[in-house]
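Coordinate analysis (summary)
If you want the building blocks of each chain, they are given just below.
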Amino acid sequence: MGKNFKLKPDDIEIMVPNLGGAIATDKITLDGNRVDFMRRTEPDREEDSGWEFYGGGETQEYIDNPDNSGVYAVNTICNYDPDIIPFLTYPPGTEIERNEDGRLELIDPSIQRPSTVFMQPVTAGRVHATRTWSFEILSRMLRRVDDGSLVIWRPGFTIWLNAYGADLPIQARLENVLQTKSPEATDLQQAETPDGWTKLRYSLTEESPDAPPQRSVSLFGFSAGNEIHMSIYYDDEEFMEDIDVIWGTLGATPS
């Protein structure tokens, strides 16, 4: 007899990359409970993420009955409870529980935060990348923090973003980028705004004998005391519309 899942197939959206399968109890997928406890064990096969998710109130007898749980894509469980997303790259041995304030937290806080951490997806519209810088995107995208960089992406289109404080005048910082950019850069554009900040863009295609050409656009924003660097990689020319929107809407608020 089939189970009456809380979410139907059409309700499931892509919220994280394919991370493999995970065990989740019916407390989550049928009853709709938020994840109350999650742990990661060493996976025993490539398609297994090692994650187990519990919705709270499961007795040992309940857990021992295989009819009370199932194997699902990790992304599916993210749709039931997006709170789990920031923890999904933690290593085997990690245990997480929901505290009295209703937030998931590490049971052992000494476990080192991984270099890559997934974040909540962002919807189409204005993206506030930092307190200073924002821009618009045309469609829903996924986010992660990767070695200190904010990465916003969807298949075929990836934005690597870093923001900095800066003491030098805008013109000095702008000239430094112009002097250090690749001599192969094309489509150089610069724009000034009435608010007193400057933005710059250029394109670059890196050729390789062993792989398809890597196409990218670099965007820079310079304001008094702040700047943003964006490296945008894309697989198809259709993404130039997205890049033009980001370029046209990139803005800074006063620091």
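Here, the structure is the one placed above.
This is a predicted model, so every value here is computed, not measured. (Residues numbered from 1 in each chain as written. Predicted model: local features only at pLDDT ≥ 70, side-chain atom pairs only at ≥ 80, totals over all residues. Heavy atoms only, no water.)

Some thoughts on the pairing of strand 7 (residues 116-122)
Judged by how many residues are buried, strand 7 sits mostly within the fold: 5 of 7 residues are covered. One ladder, built from 5 bridges, connects strand 7 with strand 10 (residues 141-146); its direction is antiparallel. Its bridge partner lying in strand 10, T116 is registered against D146. (Buried < 20%, exposed > 50% of the residue type's maximum accessible area, 1.4 Å probe, protein only. Helix = DSSP H or I, 4+ residues; strand = E, 2+ residues; numbered from the N terminus. Pairing = 2+ DSSP bridges.)

Brief notes about the sheet that holds strand 4 (residues 69-73)
The sheet built from 6 strands is open, its strands ordered 4-1-3-2-5-6 with mixed pairing. If you trace the sheet from one side to the other, it starts and ends with strand 4 and strand 6 (104-106), each paired once. Going from strand to strand, the sheet's axes swing by 25° on average, the running direction of each strand aside. In terms of strand pairing, strand 5 (residues 95-98) meets strand 6 through 3 bridges, oriented antiparallel. Its bridge partner being in strand 6, I96 is matched across the sheet by L106. (Axes fitted to C-alpha atoms, helices over the stretch in contact; angles between N-to-C directions.)

Details of the environment of K181
Along the chain, K181 turns up in the loop between helix 4 (170-180) and strand 13 (186-192). A residue is classified by how much of its surface remains accessible, and K181, at 25% relative accessible area, is partly exposed. K181 sits 46 residues away from F135 along the chain, and the two C-alpha atoms are 23 Å apart. Setting aside anything within four residues of it in sequence, one finds K181 in contact with L188 and Y202. (Contact = heavy atoms within 4.5 Å.)

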